[in-house]
Amino acid sequence: MFPYMVNFKVSARTLTGALNAHNKAAVDWGWQGLIAYGCHSLVVVIDSSTAQTLQVLEKHKADVVKVKWARENYHHNIGSPYSLRLASADVNGKIIIWDVAAGVAQCEIQEHAKPIQDVQWLWNQDASRDLLLAIHPPNYIVLWNADTGTKLWKKSYADNILSFSFDPFDPSHLTLLTSEGIVFISDFSPSKPPSGPGKKVYISSPHSSPAHSKLAAATGAKKALNKVKILITQEKPSAEFITLNDCLQLAYLPSKRNHMLLLYPREILILDLEVNQTVGVIAIERTGVPFLQVIPCFQRDGLFCLHENGCITLRVRRSYSSIFNTSNEEPDPDPVQELTYDLRSQCDAIRVTKTVRPFSMVCCPVNENAAALVVSDGRVMIWELKSAVCNRNSRNSSGVSPLYSPVSFCGIPVGVLQNKLPDLSLDNMIGQSAIAGEEHPKGSILQEVHLKFLLTGLLSGLPSPQFAIRMCPPLTTKNIKMYQPLLAVGTGNGSVLVYHLTSGLLHKELSIHSCEVRGIEWTSLTGFLSFATSTPNNMGLVRNELQLVDLPTGRSIAFRGERGNDESPIEMIKVSYLKQYLAVVFKDKPLELWDVRTCTILREMSKNFPAITALEWSPSHNLKSLRKKQLATREAMARQTVVSDTELSVVESSVISLLQEAESKSELSQNISAREHFVFTDTDGQVYHLTVEGNSVKDSARIPPDGSMGSITCIAWKGDTLVLGDMDGNLNFWDLKGRVSRGIPTHRSWVRKIRFAPGKGNQKLIAMYNDGAEVWDTKEVQMVSSLRSGRNVTFRILDVDWCTSDKVILASDDGCIRVLEMSMKSTCFRMDEQELTEPVWCPYLLVPRASLALKAFLLHQPWNGQYSLDISQVDYPENEEIKTLLQEQLNSLSNDIKKLLLDPEFTLLQRCLLVSRLYGDESELHFWTVAAHYLHSLSQEKAVRTPAAEEAAPREDRANNPLDICYDILCENAYFQKFQLERVNLQEVKRSTYDHTRKCTDQLLLLGQTDRAVQLLLETSADNQHYYCDSLKACLVTTVTSSGPSQSTIKLVATNMIANGKLAEGVQLLCLIDKAADACRYLQTYGEWNRAAWLAKVRLNSEECADVLKRWVDHLCSPQVNQKSKALLVLLSLGCFSSVAETLHSMRYFDRAALFVEACIKYGAIEVSEDTEKLISVIYADYARSLKNLGFKQGAILFASKARAAGRDLLKELESPRQEVTEE
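Residues numbered from 1 in each chain as written. Predicted model: local features only at pLDDT ≥ 70, side-chain atom pairs only at ≥ 80, totals over all residues. Heavy atoms only, no water.

### Here's the deal with the overall build of the protein
Just so we agree on the cut-off: Numbering of helices and strands runs from the N terminus, with a helix taken as a DSSP run of H or I at least four residues long and a strand as a DSSP run of E at least two residues long. Relative accessibility decides the category of a residue: with a 1.4 Å probe and only protein chains considered, values under 20% of the type maximum give buried, values over 50% give exposed, and everything between is partly exposed. Any two residues whose heavy atoms approach within 4.5 Å at even a single point are treated as in contact. Surface accessibility follows the Shrake-Rupley procedure with a 1.4 Å probe radius. Residue values consider only the protein chains on display as shielding.
Across its full length, the protein carries 25 helices and 60 strands. The proportion of buried residues among the 1224 residues of the protein is 55%. Of all intrachain contacts in the protein linking residues separated by at least 6 positions in sequence, the fraction that spans at least 24 positions is 56%. Surface exposure of the protein reaches about 53200 Å², of which carbon and sulfur atoms provide 52%.

As structure tokens, this is what we get:
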């Protein structure tokens, strides 16, 4: 048995229940690893890995409609630490920014009093990390500074705005979904509102639904879909064209630039925004379940889809490699017809009823390998994606191309025997989709994988009200060893839920009754009585169920045996103070008295017994005197056997015989029947006092009614105080010792219930009314606190009880049960004060210094030559409490992660990537992904250059393991070109109007595909106004020769065009004569930086391309653009590693700079010369200083010694106090 420890610390908390319809879209999964969702006017925060409630935020006065975690796309240090910031918005238009760990509102924002439609944090956080964009209905967008609550700007649009989506590749692009169509904004900026009304487009379809309603069999479906054309038009479509009104959602694809999806109930459209054309349709067959929501992934081109039956499916884009053509299908004549997303995995559906339906889904933004579903009944289901390697012979017969596991893990290719954790994230589970025409390397070992969803977390809420609540008997010195603070909650469907209030978790759920539970009374710490009554029949009779439940076994017995059918409903049950007797009060039937220990009836009162309106047992009893007598008798009996009978007085022998009789009776229950009293009132307000002893019931006194009181509804008795409450809201306090009574009118209508607080001498009392509750001090006869529905809270109170001597429990009609301090003020608690049953990995909960020190401890393994996750091994002179917290964090990591962190073969780059995932640090994750890729490929090239032995392998490795296309401009040029060609092929197949054809021609000319461009130009029909122009253009393209005069003429024409505002046409002409470098320069001069970078990557050789991109880097670093984090990534992709280190240092990112330099030295990426020596030592010295500020001494010493000369003084300073200690 573990050492006995009792935890009675019951902190204030809220148990939440079913959600409100307004909460439908109020859920978000943050980079911090926590999920927040709205429940009525509360915001609940849960941990995604252990499914525990960590925080309930209460301040909104109305239902919450949106919650959004702040992004973590910035560099974290002491000044800008890891912190839990959350924005929540409600129906009344209020936005609250929370510090979730402390449970306090940092700032409140209010513009209009209408429900907020959408709210999002700006993802580019270089300039400021506090900007929040919100839609205030009907048609305003407002940019707020969420730190100060200041409004930066406000802009109105013509239509009602429903939602918006930021372009994940370009922070200046924003798209609004309005009731009429879509509005594209291309000049979004934090400093000023967008100019003009934006570019408005409509989506139309020649059918009522974007996909044909007459879908043939599966084979015909594909052909039918190819005929569908969704046109994006500039003018408003006519009535027979259905517009966008049934579009559920609009979102950019984060996995590739300039693609957007539109979600309809029965299909998802993928649009290519460069040509404004649908390039893919995912449709549901007629029998399928409609979509509710879709979340596009970043790491792979995949979609998490939520269906109306609560099923989550994962669809991944199909690869177009020729090797995947399975034999049973006729080979496609033109393989790239469509972006096809294949269903790869699906989870189980839920049972959908009128009240239970899926609300919304969120996906883990860091790893994209888990989704959480929020259900309307308050359940949160967390589904994790798991990958399993499947053997070749179990190939699926569906004809879907197989998925392969990636070659690399955490950014670096690993061997077969190396430690890896494929389920860490989506990009570590499945490899990239191959691009058309690209063969998979024959030599490499490809493992085929299957994906499946696994339910790893389930959080269930309280059922919908009504509630009857009762706290178990209070803690005393006698029961301290086995006491547990349990709360029994009777529900409307007949079950009783027992909650453990230290952890707030459901302890047991017992289905006991068949109808609504009306009341619960505990008979011991482990057992209770509960009663339920069915709905009355036309005679007013019901079925009464009274069950005695034993909690440890869950066994329940019908307490009244066969009784209970067709009788008057039970009004209340009351168990006596010593838990011996039970009084059962009926509506129109006399009182019954039962013995709780033997389940036998003691008395059923006669017909003329008065009707009872309120009843309470007295706390006084004669148990002590009985026990004394019993002891005396036992002694006497012991004496009797020794001494002769005559010496015993007659009286004593009679007492003995009586008690022997009593003992033989009570041997059954090992208990003596003590005398107990109860009082009750009748309809006239007369108070009766009765005594129960054994099976005798005596009427001992009657007190006439008090004239000032109305009909008495409840009584409470503790010590020498008796309190009565009546229909009119009067409370009458009787002091039984002093024989005085005081009546207090509360003017609060019907007193529903009054109950004394537990604890010796604690004379506090809670009273419940129709419109709220009050706490009174009966010693002083004055009110301590009050709560009124509609005035200071929005909910109505259904039931009250005491939890401990200073905390009350309120059950309310918003489906929640709140444990509150006696002041009854709703409070959020500090998360670090909460008792959790399972440890939670969340470094955000630590103080800033500690979370950053923990990060350094994980990154710079090994310490003293050994890999360890024991923080006491290192010199970190913080107070013990913080060290314990850090160790708890380390212990809460999963075993798989621990194994990786302790693996000596796990490289520094992989460690940086893993830690950025553990911390949910967005900016680090992107930085280290790109850095790992380019540092690794550099080392591969070096290996090829030196020994001839490794001739072909690594070259192929680089070509087949490119940087994912979601990094767009940062990818290798060859891969980027291939992707753009595939994209233009798709656009060409999909074009439907002259406009689309023209855009395709332009793209083909820029990509240098002149032959196909000429074919498209010649397609122009003779009645088109551009017929002449296009024909001439076709002639020009075919006849362009590299002769001097023609080149100079074309160049002159191009520059004139550009000067006269025809930039795109001039750039095309320059590309025709292979002057793409000049074209890029012109594009940059006219501010088309992204376009220039794109052109450089598809047309220029690597040196010229690097020049163009370096100019772009300077532009990105300029103060008016301030996108240094993007500039860093571009520099990485160019292999300018020393400039990256310099830039990091100048931005004061000392930790990242030091780690990056270490990695570069390992990979030989920085040539060691005098200048670089100097830079490296300065970086190390500055990093050592920042570690010293964190109090992380051992790390500081490590880097100060690496910094050589620059760190000498710091090293002395760090080591000097240590010597003093040793001298002592």
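### Observations regarding the side chain of Thr14
By secondary structure assignment, the location of Thr14 is in strand E1 (residues 13-15). Note on Thr14: relative accessible area 10%, which makes it buried. Contacts of Thr14, omitting those with residues within four sequence positions, involve Leu42, Val56, Glu58, Cys816, Ile817 and Arg818.

### With respect to the pattern of salt bridges
In plain terms, the rule: Any carboxyl oxygen of Asp or Glu within 4 Å of a side-chain nitrogen of Lys or Arg constitutes a salt bridge here.
By the definition in use, this model includes 52 salt bridges. In this structure, the salt-bridge partner of Lys59 is Glu108, at a minimum N-O distance of 3.2 Å. Of this pair, Lys59 sits in the loop between strand E5 (53-58) and strand E6 (64-69) while Glu108 sits in strand E9 (residues 104-110), placing them 49 residues apart in sequence. Judged by its relative accessible area of 39%, Lys59 falls in the partly exposed class. Classification of Glu108 by relative accessible area gives partly exposed; the value is 35%.

### Considerations on the sheet that holds strand E36 (residues 495-500)
Rules: Each pair of strands is called paired provided DSSP finds at least two bridges between the two strands. As a rule, the C-alpha atoms of each element are fitted with a line to give its axis, helices using only the stretch in contact, and angles between N-to-C directions run from 0 to 180 degrees.
Here 4 strands make up an open sheet; going across it, the order is E34-E35-E36-E37 and the pairing antiparallel. Every other strand in the sheet has two partners, leaving strand E34 (467-471) and strand E37 (505-511) as the edge strands with one partner each. In this sheet, adjacent strand axes meet at a mean angle of 20 degrees when their direction is disregarded. Pairing of strand E35 (residues 486-491) with E36, which is carried by 5 bridges, proceeds in the antiparallel orientation. Looking at E36, one finds that Leu487 is bridged to Tyr499.

### Here's the deal with the nonpolar core
The condition is simple: For our purposes a nonpolar core is just a set of buried Ala, Val, Leu, Ile, Met, Phe, Trp, Tyr and Cys residues, chained together by side-chain atoms within 4.5 Å.
One finds Leu1095 and Phe1156 to be the most contacted residues of the largest nonpolar core, which totals 183 residues. Considering each element in turn, this core owes the most residues, 9 residues, to helix H22 (residues 1150-1163). Those residues in contact with Leu1095 that sit more than four places away from it in its chain are Leu1006, Val1067, Cys1071, Ala1076, Ala1079, Cys1080, Leu1083 and Leu1100. Judged by nonpolar contacts, the second largest core, of 31 residues, contains Val10, Leu462, Ala811 and Ile817.

### Observations regarding helix H16 (residues 1063-1072)
Extensive coverage of H16 is indicated by the burial of 8 of its 10 residues. Considering only its buried residues, H16 is in contact with helix H12 (994-1006), helix H13 (1010-1018), helix H14 (1027-1039), helix H15 (1044-1059), helix H17 (1076-1085) and helix H18 (1089-1099). Count one or two residues on from H16 and you reach Asp1074, which has phi positive near 60 degrees.

### Some words on the packing of helix H5 (residues 848-859) against helix H8 (residues 908-919)
To keep it simple, the criterion reads: Geometric relationships in this document are graded by angle, where less than 35 degrees denotes roughly parallel, more than 145 denotes roughly antiparallel, 65 to 115 denotes roughly perpendicular, and other angles denote oblique. Handedness of a crossing is defined here by the sense of rotation of the near helix relative to the far one, left-handed for an anticlockwise turn of less than a right angle and right-handed for a clockwise turn. Think of it as three bins: nonpolar holds Ala, Val, Leu, Ile, Met, Phe, Trp, Tyr, Cys and Pro, charged holds Asp, Glu, Lys and Arg, and polar takes everything else, Gly as well.
Their axes nearest at 10 Å, the elements H5 and H8 cross at an angle of 150 degrees. Here H5 lies roughly antiparallel to H8, going by the angle between them. Like other packed secondary-structure pairs, H5 and H8 cross with a definite hand, here right-handed. Facing H5, whose interface residues are Ser851, Leu854, Lys855, Leu858 and Leu859, H8 presents Leu908, Arg911, Cys912, Val915 and Tyr919. A breakdown of the residues in the contact of H5 with H8 according to their chemical character gives 7 nonpolar, 1 polar and 2 charged.

### Structural notes on the sheet that holds strand E44 (residues 592-595)
Reading across from one edge, E42-E43-E44-E45 is the order of the 4 strands in this open sheet, with antiparallel pairing throughout. Each edge of the open sheet is held by one strand with a lone partner, namely strand E42 (570-575) and strand E45 (600-604). Strand-to-strand, the axes of this sheet are offset by a mean angle of 25 degrees, without reference to chain direction. The sheet contact formed by E44 and E45 spans 4 bridges and is antiparallel. Directly across from Leu593, in E45, lies its bridge partner Arg603.

### Overview of the environment of Ile601
Mapped onto the fold, Ile601 is located in strand E45. Here Ile601 is in contact with Arg563, Glu592, Leu593 and Trp594, once residues within four sequence places are set aside.

### Considerations on the pairing of E6
Summarising burial for E6: 6 of the 6 residues are buried, a large majority. One ladder, built from 5 bridges, connects E6 with strand E7 (residues 85-90); its direction is antiparallel. Of the residues in E7, the one forming a bridge with Lys68 is Ala87.

### Some points on unusual backbone geometry
That bond from Pro137 to Pro138 is cis: its omega, 0 degrees, falls within 30 degrees of zero. The residue Pro138 is located in the loop between strand E11 (131-136) and strand E12 (140-145) in this model. Cis peptide bonds are those with omega within 30 degrees of zero, and the linkage from Gln861 to Pro862 qualifies with -5 degrees. By the secondary structure assignment, Pro862 is in the loop between H5 and helix H6 (880-891).

### Description of a positive patch on the surface
Note the threshold: Only residues whose relative accessible area exceeds 30% and that form no salt bridge are eligible for patches; like-charged ones are grouped when within 9 Å, while nonpolar side chains (Val, Leu, Ile, Met, Phe, Trp, Tyr) are grouped when within 5 Å. Positive charges come from Lys and Arg alone, negative charges from Asp and Glu alone, with His and the N- and C-terminal ends not counted. Where a charge lies is defined by one atom per residue type: Lys uses NZ, Arg uses CZ, Asp uses CG and Glu uses CD.
There is a patch of like positive charges on the surface, built from Lys478, Lys624, Arg627, Lys628 and Lys760. Among the secondary structure elements, Lys624 is positioned in helix H3 (residues 623-642). On the basis of relative accessible area, Lys624 is assigned to the exposed category, the value being 70%.

### Section: the packing of aromatic side chains
Condition: For Phe, Tyr and Trp, rings pair up if their centres lie within 6.5 Å, where Trp contributes its six-membered ring, and each pair is then called stacked (planes under 30 degrees apart), edge-to-face (over 60) or tilted (otherwise).
Under the defined criterion, the tally for this structure stands at 25 aromatic pairs. Residues Phe164 and Phe166 carry aromatic rings whose centres are separated by 5.7 Å and whose planes lie at 80 degrees to one another, so their mutual orientation is edge-to-face. For Phe164, a relative accessible area of 3% puts it in the buried group. Residue classification places Phe166 among the buried positions, given a relative accessible area of 10%.

### Quick look at the confidence of the model for the protein
Quick note on the threshold: As a per-residue measure, pLDDT tells how confident the predictor is, with possible values from 0 to 100.
Confidence in the prediction for the protein averages 85 pLDDT; 88% of positions are at 70 or higher. Predicted confidence for residues 322-336 stays below pLDDT 50, and this span has 19 contacts to residues more than four positions away or in other chains. Segment residues 664-670: pLDDT under 50, and 3 contacts once partners within four positions in sequence are set aside and those in other chains are kept.

### Regarding the packing of H15 against H16
Where H15 contacts H16, the axes come no closer than 7 Å and their chain directions differ by 160 degrees. When the interaxial angle is binned, H15 and H16 end up roughly antiparallel. Seen from above, H15 lies across H16 with left-handed handedness. Between H15 and H16, the residues in contact are Ile1050, Lys1051, Val1053, Ala1054, Met1057 and Ile1058 and Leu1063, Glu1065, Gly1066, Val1067, Leu1069 and Leu1070, respectively.

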